[in-house]
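One letter stands for each residue in the lines below.
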Amino acid sequence: GDSVTQMEGPVTLSEEAFLTINCTYTATGYPSLFWYVQYPGEGLQLLLKATKADDKGSNKGFEATYRKETTSFHLEKGSVQVSDSAVYFCALSSTNAGKSTFGDGTTLTVKP
Amino acid sequence: KAGVTQTPRYLIKTRGQQVTLSCSPISGHRSVSWYQQTPGQGLQFLFEYFSETQRNKGNFPGRFSGRQFSNSRSEMNVSTLELGDSALYLCASSLPLTSGGDEQYFGPGTRLTVT
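Let us look at the structure shown here. Computed from a predicted model, the values in this text were never measured in an experiment.

1. What about the sheet that holds strand β9 (residues 75-77) of chain A?
Residues and elements named next belong to chain A. Sheet architecture is open: 4 strands sit in the order β3-β9-β8-β7, paired in antiparallel fashion. Whereas interior strands pair on both sides, the edge strands pair on one side only; in this sheet they are β3 (19-21) and β7 (56-59). In this sheet, neighbouring strand axes are inclined to one another by 15 degrees on average, regardless of whether the strands run parallel or antiparallel. One ladder, built from 4 bridges, connects β7 with strand β8 (residues 62-65); its direction is antiparallel. Within the sheet, the bridge partner assigned to K56 lies in β8 and is T65.

Structural data, given as C-alpha cells:
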C-alpha cells in the first residue's frame, strides 16, 4: 500500500537558517504530493502541493519538487523565521480522492 | 468562504460511553474524510464519505462509524469508548477531481479525552 517516510525530528534551527525536511514515498500509480503544516492547537493547513513529476510547489518561501525517479518530495526554505515553528507533514493522495496517507510529522522549532 | 467546522472542540467521556462528533465541510465540497491523530500513531485515516456513501475505510474496529447527510455534513460515532480512543479527531473536506489526488481542507479538530 501507500506509505510516506519523513525525516525524524525534532529539528531545531536558528532564525534565518536553511531548512530541509526529507520526505520519500511509496505509491502505486502517480500520486499527488503535499506538505501540510500544523500549528499548536489547530488542524492541518495545506502548505504546498505538486500533482505530477518535476512539478515544484511553493508557498510562503517554502518549496518542494516532485522527484519521481527518487520518489521524493523534500521541503526546503532558505531562511526560516520563528513563526515557522510548527509540525510539518508530508502526504500523498492517489486516485482515491479523499484519502491521504501522511508521514509521521516533523516538529520544527526556530529560535531567535 | 467559511472553512471546515467541527463540533464540539473538546469532549470528555468515560470508558464504555459513546460519542458523536460533527463536521461541516466547506460549501461545495462533497467529500468528507475523518482522521485520528495521536502522539504514538500519528495521523490515521478512519473513513471517507462522498455523496452520502462511504467510499474508503481505514483499519479501525467497527466501533468507529460515520455517516454523511445530503448537505454533505458528516458525523462520526464511536461506541463503547476505550482509553485508547483519546485523540484529536480531524475532519477534512475536498473537491473530488476526476483523476489524481486532492488537497484536503482540515477543521480544527475535536479533542476527545476518555477517562
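Further notes follow.
2. Description of the packing of aromatic side chains
Inspection of every chain in the model, using the stated rule, returns 12 aromatic pairs over all chains. Geometrically, the ring pair formed by F89 of chain A and F102 of chain A is edge-to-face, given 6.4 Å between the ring centres and 90 degrees between the ring planes. Placement of F89 of chain A in strand β10 (residues 86-93) and of F102 of chain A in strand β11 (residues 101-102) is noted, with a sequence separation of 13 residues between them. Exposure remark for F89 of chain A: the relative accessible area of 2% places this residue in the buried category. Classification of F102 of chain A as buried rests on a relative accessible area of 8%. Taken together, F34, Y36, F89 and F102 of chain A together with Y35, F45 and F106 of chain B form an aromatic cluster joined through their ring pairs.

3. Quick notes on the environment of D104 of chain A
All names here are of chain A. Along the chain, the position of D104 falls in the loop between β11 and β12 (106-111). Classification of D104 by relative accessible area gives exposed; the value is 64%. Residues D104 and M7, 97 residues apart in the sequence, show an inter-C-alpha distance of 8.7 Å. If near-sequence neighbours (up to four positions away) are discounted, D104 is found in contact with Q6 and F89.

4. As for the sheet that holds strand β3 (residues 19-24) of chain B
Residue and element names in this part refer to chain B. Spatially, β1-β3-β8-β7 is the arrangement adopted by the 4 strands of the open sheet, whose pairing is antiparallel. Edge positions in the sheet fall to β1 (5-7) and β7 (64-68), since each of these pairs with one other strand and no more. When strand polarity is set aside, the average angle formed by the axes of neighbouring strands in this sheet is 20 degrees. Pairing of β7 with strand β8 (residues 74-78) involves 5 bridges; the strand directions are antiparallel. Looking at β8, one finds that S65 is bridged to N77.

5. Things to note about the interface of chain B and chain A
Listed per partner, the contact involves 21 residues of chain B and 20 residues of chain A. The interface formed by chain B and chain A includes 1 salt bridge. Between E103 of chain B and K49 of chain A there is a salt bridge, and its shortest N-O distance comes to 2.7 Å. Here chain B is connected to chain A by 5 residue pairs in polar contact (both at pLDDT 80 or more).

6. Section: the pairing of strand β6 (residues 53-57) of chain B
All names here are of chain B. Sheet analysis places strand β5 (residues 42-50) next to β6, joined by 4 bridges and oriented antiparallel. Bridging from a neighbouring strand, E48 pairs with N56 of β6. Connecting the antiparallel pair β5 and β6 is a turn made up of 2 residues, with S51 showing a positive phi of about 50 degrees.

7. Focus on the environment of I12 of chain B
Residue and element names in this part refer to chain B. The residue I12 is located in strand β2 (residues 10-13) in this model. When the C-alpha positions of I12 and G58 are compared, they lie 24 Å apart, and in sequence the two are 46 residues distant. Those residues in contact with I12, other than ones at most four positions away along the chain, are T113 and T115.

8. Structural notes on the pattern of salt bridges
Residue and element names in this part refer to chain B. Enumeration according to the criterion identifies 9 salt bridges over all chains in this entry. Close ionic contact of R55 with E48 constitutes a salt bridge, the shortest N to O distance being 2.7 Å. On the accessibility criterion, E48 (0% relative accessible area) is buried. Linking R73 and E75 is a salt bridge whose minimum nitrogen-to-oxygen distance equals 3.4 Å. Judged by relative accessible area, R73 falls into the partly exposed class, the value being 24%. On the basis of relative accessibility, which here comes to 17%, the residue E75 falls in the buried class.

Rules of the game
- Residues numbered from 1 in each chain as written.
- Chains lettered and ligands numbered in written order.
- Predicted model: local features only at pLDDT ≥ 70, side-chain atom pairs only at ≥ 80, totals over all residues.
- Heavy atoms only, no water.
- Pairing = 2+ DSSP bridges.
- Helix = DSSP H or I, 4+ residues; strand = E, 2+ residues; numbered from the N terminus.
- Axes fitted to C-alpha atoms, helices over the stretch in contact; angles between N-to-C directions.
- Phe/Tyr/Trp six-rings, centres within 6.5 Å; stacked < 30°, edge-to-face > 60°.
- Buried < 20%, exposed > 50% of the residue type's maximum accessible area, 1.4 Å probe, protein only.
- Contact = heavy atoms within 4.5 Å.
- Salt bridge = Lys/Arg side-chain N within 4 Å of Asp/Glu carboxyl O.
- Polar contact = N/O pair within 3.5 Å; in protein donor to acceptor, adjacent residues only side chain to side chain.

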